[in-house]
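# A structural walkthrough
Now for the letters of each chain:
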Amino acid sequence: MLWILFLALCGLLTHTRADPGALLRLGMDVMNHEVQSAMDESHILEKMAAEAGKNQPGMKPIKGITNVKVKDVQLPVITLNFIPGVGIFQCVSTGMTITGKSFMGGNMEIIVVLNITATNRLLQDEETGLPMFKSEGCEIILVSVKTNLPSNMLPKVVNKFLDSTLHKVLPSMMCPAIDAVLVYVNKKWANLNAPMPVGQMGSVKYILMSIPTTTASYIQVDFSPVVQQQEGNTIQLADDGEVFEFPEDYAEGSSQLLLSATFLTAELALLQKSLDVYVQDTKIGQLPPQTTKTLAAFIPKVAKAYPKPKPLMTQIRINKPPKVTMKTGNSHLHLHGTLEMFAARRRGKASVSLFLLETHFNLKIQYSVHENRLQMVTSLDRLLSLSRKSSSIGAFNEKKLTDFITDYLREAYVPVVNDVLQVGFPLPDFLDMDYNLAELDLVENALVLKLKLN
């Protein structure tokens, strides 16, 4: 029994150590922008001020003042600091004027400058699995207070009034602003783990591996992406031991998204069937006419078998999942498959297979972002291997076909691959991020998107 428990525990530990397929680092640039945007777009301080004169549940009245109104709310200045292992410390500096009828019978104005501080703890919602911020320990710190009361009353009456009233009233008046802003920010994570289509072939979901972690410089979110075929089958990310990590030379406070080569390989597996082609055109790009006469220049036996030129038809099948590799500064798409050439016959008769070759070639990949989807454009790098599997024209040295097949792949096949890749791959949908502004960088085993703000 103990041995079974030990094996089960080892299995769990192995699972939890699985590498993420994508990593997200949110620096202070993004977090400042999002919190400030939430504060501005929600107009929460102005709304709080408008409600101040009403009898609200949980809000204490200001003793000694009637007909209370709040006006002239200053544009808030927001300061954020990361708290390692916790989340974000937030300070909102603002000011306002509180007016009303004073206990002395005249109109009273209190000009208040204050700081609202709170700890925004970063958690993972148990129901949705999404990141969420929750405020704790909200406090109001009075920076300065000015009134229009006679100066000879300030030492005793006003100070006592402020201590007993403003410190009690302002938290219930202003702290809800922090909660309201966090609700606004949390909503911008709502679509993060929703399935996003990859054409008609399948979908991708970005699932959190664990609660996001906070350091002194950034928040890190580890994703375990789910790549699913249209039929419902999940494509597993290869566990090949390849290590990927953020480079150390990025500016402090900046934000990046890192996509592993294994993740992109899984996404490309969705497109594998679409990479199979059957080409019947005799005129392709800059190639000579695709006929048996052209082929005979490389394989003389073809001329004997077909004295009169016949059109060539070519079928390329990818029989292994495409694989993406990445090194610093470059990336390749490896394709393993077969290339079969046929000689066309008169109408109504089946074409004849001339030979079937096993091929391995790679394509250079250029990455970009368009409409918030990762785009790839390829160009032929080189033909890595070519071997004859079968032939109806007898034995021949397939190596002599290297240049012919290389040119064919470049002119006839690569354009097909690029057409398929135009579908693009979805990127994590969070905080209204505009990936079109991102700068892309290739590092060992990963693609890095340096996130930029408008």
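Above this text is the structure in question.
Computed from a predicted model, the values in this text were never measured in an experiment. Every residue gets a number counted from 1 within its own chain, in the order that chain's sequence is written. Selection of residues for local features in this predicted model requires a pLDDT of at least 70, selection of side-chain atom pairs for listing and counting requires 80 or more, and totals for whole chains, interfaces and linings are taken over all residues. Based on all heavy atoms of the structure, the side-chain values leave hydrogens and waters out of the count.

## As for the state of the cysteines
One covalent bond between the sulfur atoms of two cysteine residues makes up a disulfide. Any cysteine sulfur atom paired with another within 2.5 Å is treated as part of a disulfide. Here the structure, examined in full by the defined rule, presents 1 disulfide. The residue that forms a disulfide with C138 is C175, at a sulfur-sulfur distance of 2.0 Å. Measuring handedness by torsion sign, the sulfur bridge of C138 and C175 sits at about -90 degrees and is left-handed. A residue pair is termed long-range when its members are at least 10 positions apart, and C138 in strand β6 (residues 131–147) and C175 in helix α4 (residues 154–187) qualify at 37 residues. Each residue's exposure class comes from its accessible area (1.4 Å probe, protein chains only) as a fraction of the maximum for that residue type: buried when under 20%, exposed when over 50%, partly exposed otherwise. Among the residues examined, C138 registers a relative accessible area of 27% and is labelled partly exposed. For C175, a relative accessible area of 12% corresponds to the buried category. Secondary structure is summarised from DSSP: a helix means a run of H or I of at least four residues, a strand means a run of E of at least two, and numbering begins at the N terminus for each.

## Considering the sheet that holds strand β13 (residues 255–260)
Here 6 strands make up an open sheet; going across it, the order is β9-β10-β1-β13-β22-β21 and the pairing antiparallel. In the strand order of this sheet, the two ends are held by β9 (213–214) and β21 (439–443), each with one partner. The pairing criterion for strands is at least two bridges between them, as found by DSSP. The pairing of β9 with strand β10 (residues 219–223) spans 2 bridges and is antiparallel. Looking at the pairing, T213 lines up with Q220 of β10. With respect to the sheet, helix α2 (residues 28–42) is in contact with β1 (22–26), β10, β13 and β22 (446–451), its orientation differing from that of β1 by roughly 65 degrees. Pairs of residues are marked as contacts when any of their non-hydrogen atoms sit within 4.5 Å. The axes used here are C-alpha line fits, helices contributing only the stretch in contact, and every angle between their N-to-C directions lies in the interval 0 to 180 degrees.

## Considerations on the pattern of salt bridges
When a carboxyl oxygen of Asp or Glu lies within 4 Å of a side-chain nitrogen of Lys or Arg, that pair is called a salt bridge. If you walk through the whole model with that rule in mind, you get 9 salt bridges. A salt bridge links E109 to K71; the shortest N-O distance between them is 3.6 Å. Note that E109 is positioned in strand β5 (residues 107–124) and K71 in strand β2 (residues 65–71), a separation of 38 residues in sequence. In this structure, K327 engages E444 in a salt bridge whose closest nitrogen and oxygen atoms are separated by 3.1 Å. One end of the pair, K327, is in strand β16 (residues 323–327); the other, E444, is in the loop between β21 and β22, with 117 residues separating them in the sequence. K327 sits in the partly exposed class, given a relative accessible area of 47%. Members of the salt-bridge network, linked through shared partners, are E34, K188 and D432.

## Observations regarding the pairing of β13
Walk down a regular strand and you will see the side chains alternate between the two sheet faces. Among the 6 residues that make up β13, 6 are buried, leaving the element largely enclosed by the rest of the structure. Here β1 pairs with β13 via 4 bridges, running antiparallel. Looking at β13, one finds that L23 is bridged to L258. Summarising the sheet, β13 and β22 pair through 6 bridges and their orientation is antiparallel. Along β22, the bridge assignment pairs S255 with L451.

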